[in-house]
Amino acid sequence: MDDLFRDRHAKLGLMVLRLFPKVMQMILRYYVTPQWLKQKYSKQHFSFVLTENEVILMDKLPNMDEFTFEIFYKILRSENVLDEPTCKWGKIPQDTDVEISDDIQRLINATHLIRSITSEQVTETKLEKLLEEIRLIVSRIDSFLELDTLESMFNSFIKSNSDDSISILQDLAMVKAIDGRFLKMI
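Before going into details, it helps to say that this report is about the structure given with it. (Residues numbered from 1 in each chain as written. Predicted model: local features only at pLDDT ≥ 70, side-chain atom pairs only at ≥ 80, totals over all residues. Heavy atoms only, no water.)

Examining the overall build of the protein
- A count of helices and strands for the protein gives eight helices and zero strands.
- For the protein, whose C-alpha radius of gyration is 16 Å, the value lies close to the compact-globule estimate of 16 Å for 186 residues.
- Seen through its C-alpha atoms, the protein measures out along the principal axes to roughly 50 × 35 × 30 Å.
- Here the protein holds 186 residues, and 45% of them are scored as buried.
- Nonlocal contacts in the protein, meaning residues at least 24 apart in sequence, comprise 69% of its contacts between residues at least 6 apart. (Helix = DSSP H or I, 4+ residues; strand = E, 2+ residues; numbered from the N terminus. Rg over C-alpha atoms; globule rule 2.2 N^0.38 Å. Buried < 20%, exposed > 50% of the residue type's maximum accessible area, 1.4 Å probe, protein only. Contact = heavy atoms within 4.5 Å.)

Take a look at the structure:
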């Protein structure tokens, strides 16, 4: 496989592995405090299923730095702090749909796309298009949260040169698909 294609794919993988969870962390912090979340978790007042790895991560509360996109999504959905996207969970939002839940659905869709494509499919044009879509999402979320943190993170990931593309792509392959329509609740 051509190193250039793999490096492009790894750059997108960094978005899924590092940026998207930070976006979700900022959104969760907007709605709830880590201390409140720890208190709720210690009383086991969650109405969703946690995987074994998620239980390990939840035990680290109030530190949420290692949380995955999926666990943030489960918490946000279970706490009913998010309105349903205009297009409904699991669908593709229109360009005019710009609520926070629409952008979360876009991040879910981008995650699915990035983890499902092969490195050979990541042309320069495709990379630029996906990065521009991600930049717009991050910019809107920053605006909603009244921050400039996420766009700065995005820019630093864009500028970074990964020496470990293979490791990033291996980690990307381990990312689970999120089905927003059928979130398993207990």
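Remarks on the environment of Gln25
- In this fold, Gln25 is placed in helix α1 (residues 3-31).
- Residues Gln25 and Phe69, spaced 44 residues apart in sequence, show a C-alpha to C-alpha distance of 8.3 Å.
- In this structure Gln25 touches Met64, Asp65 and Phe72, once residues within four positions along its chain are discounted.

Topic: the packing of α1 against helix α7 (residues 149-159)
- Contact pair α1 / α7: the axes reach a minimum separation of 10 Å and the direction vectors enclose 165 degrees. Considering the angle they form, α1 stands roughly antiparallel to α7. Taken as a pair, α1 and α7 cross one another with a handedness that is right-handed. Residues Lys11, Leu14, Met15, Arg18, Leu19, Lys22, Val23 and Met26 of α1 lie in contact with α7, whose contacting residues are Thr149, Leu150, Met153, Phe154, Phe157 and Ile158. (Axes fitted to C-alpha atoms, helices over the stretch in contact; angles between N-to-C directions. Parallel < 35°, antiparallel > 145°, perpendicular 65-115°, else oblique. Left-handed = near helix turned anticlockwise from the far one by under 90°.)

Thoughts on the side chain of Gln25
- Taking relative accessible area as the criterion, Gln25 reaches 4% and is therefore assigned buried.
- One polar contact links Gln25 to Asp65, side chain to side chain, over a distance of 3.3 Å. (Polar contact = N/O pair within 3.5 Å; in protein donor to acceptor, adjacent residues only side chain to side chain.)

What to know about the packing of aromatic side chains
- In the structure shown here, the tally under the stated rule is five aromatic pairs.
- Note on Tyr30 and Tyr31: the rings are 5.0 Å apart at their centroids and 90 degrees apart in plane angle, and the pair reads as edge-to-face.
- Taken together, the ring pairs in this structure connect Tyr30, Tyr31 and Phe144 into an aromatic cluster.
- We note Arg8 situated over the ring of Phe5; from NZ or CZ to the ring centre the distance is 5.0 Å. (Phe/Tyr/Trp six-rings, centres within 6.5 Å; stacked < 30°, edge-to-face > 60°. Lys NZ or Arg CZ within 6 Å of the ring centre and 35° of its normal.)

Section: the packing of helix α6 (residues 124-145) against α7
- Where α6 contacts α7, the two axes come as close as 7 Å, and the packing angle between them is 155 degrees. Regarding the angle of α6 to α7, the classification is roughly antiparallel. Of the residues in α7, those touching α6 at Leu131, Ile134, Arg135, Val138, Ser139, Ile141, Asp142 and Leu145 are Thr149, Leu150, Glu151, Phe154 and Ile158.
- A breakdown of the residues in the contact of α6 with α7 according to their chemical character gives eight nonpolar, two polar and three charged. (Nonpolar A, V, L, I, M, F, W, Y, C, P; charged D, E, K, R; others polar.)

What about the nonpolar core?
- Of all hydrophobic cores here, the largest spans 54 residues; its most connected members are Leu19, Phe20, Ile27, Phe67, Phe69, Ile104 and Ile141.
- By residue number, the principal contributor to this core is α1, which donates 13 residues.
- Beyond its immediate sequence surroundings of up to four residues, Ile27 is in contact with Leu76, Ile100, Ile104, Ile141 and Leu145. (Core = buried A, V, L, I, M, F, W, Y, C linked by side-chain atoms within 4.5 Å.)

A short note on the environment of Ile114
- Among the secondary structure elements, Ile114 is positioned in helix α5 (residues 100-116).
- Measuring from C-alpha to C-alpha, the distance between Ile114 and His9 comes to 7.7 Å, with 105 residues separating the pair along the chain.
- Residues in contact with Ile114, not counting those within four places in the same chain, are His9, Leu12, Gly13, Val16, Ile134 and Leu172.

Overview of the pattern of salt bridges
- Under the criterion given, the structure shown has 12 salt bridges.
- Among the ionic pairs, Arg135 bridges to Glu132, the shortest N-O distance being 2.6 Å. Taken as a pair, Arg135 and Glu132 lie in helix α6 at a separation of three residues, close to a single helical turn.
- Overall, Arg135 belongs to the partly exposed group, its relative accessible area being 25%. (Salt bridge = Lys/Arg side-chain N within 4 Å of Asp/Glu carboxyl O.)

So, to be careful, I would describe these as geometric facts and stop short of saying anything about function.
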